Amino acid sequence: MNLTTQKRLAASILKVGLNRVWIDPERIEEVSMAITREGVKQLINDGAIKAKPQKGISSYRSKKIAEQKQKGKRKGAGSRKGAKKARTPKKKQWMTTIRALRKDLKEMREEEIIDATTYRKLYKMAKGGAFRSKSYMRNYARDHDLIKGEE
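Keep in mind the model is a prediction, meaning the values are calculated, not measured.

**Focus: helix α6 (residues 90-110)**
Along its 21 residues, α6 runs 30 Å from first to last C-alpha, staying within 8% of the 30 Å computed at 1.5 Å per residue. Buried within α6 are the following residues: I98, L101, D104, L105 and M108. Buried residues of α6, viewed axially, fall in a sector of 125 degrees; they line one side. For α6, exposure combined with an orientation more than 90 degrees from the buried face picks out K91, K92, T96, R99, K103 and E110. Looking at the buried positions of α6, the neighbouring elements they touch are α7 (116-127) and α8 (134-143).

**Quick notes on the domain arrangement of the chain**
By the assigned domains, the chain splits into domain 1 (3-51) and domain 2 (86-144). Centre-to-centre separation of domain 1 and domain 2, based on C-alpha positions: 76 Å.

**A look at the side chain of D104**
Mapped onto the elements, D104 comes out in helix α6. Of the polar contacts made by the side chain of D104, one reaches the side chain of R138; its length is 2.8 Å. Contacts of D104, omitting those with residues within four sequence positions, involve K134, M137 and R138.

Rules and cut-offs
Residues numbered from 1 in each chain as written. Predicted model: local features only at pLDDT ≥ 70, side-chain atom pairs only at ≥ 80, totals over all residues. Heavy atoms only, no water. Helix = DSSP H or I, 4+ residues; strand = E, 2+ residues; numbered from the N terminus. Expected span 1.5 Å × (residues − 1). Buried < 20%, exposed > 50% of the residue type's maximum accessible area, 1.4 Å probe, protein only. Arc of directions from axis to C-beta. Contact = heavy atoms within 4.5 Å. Domains from an automatic or database assignment. Polar contact = N/O pair within 3.5 Å; in protein donor to acceptor, adjacent residues only side chain to side chain.

Here it is as structure tokens:
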């Protein structure tokens, strides 16, 4: 039995594609008799013709991957696309380093490991990029006898 016309009419009435139109297999005879839009509308109201639900894309896999990445997995060399500087820009790297250095300097001054003059000198040096890490800065201070009590 050819139901292409009914299917086409139903699709336009239901505002869905042809593939989403469902016709009740028990009522095919009744559906084939409907040749007008009104007839098809009546069948839709009766439940002989329905629109199938929309198919979605499952987000299970992407959620699972995101969860693993949060744990620190899937981040090896083979998964990296950007350059090293693209993943952590130079500025961000600098901000991380300088904040750590300045925090360490403040702690050293508060604990009176260094005096205000030394603090200012090391602060300026850190700003100039003289130290790559806290340990380098502390070694410099130790080597140049800038730490109190170690002279």
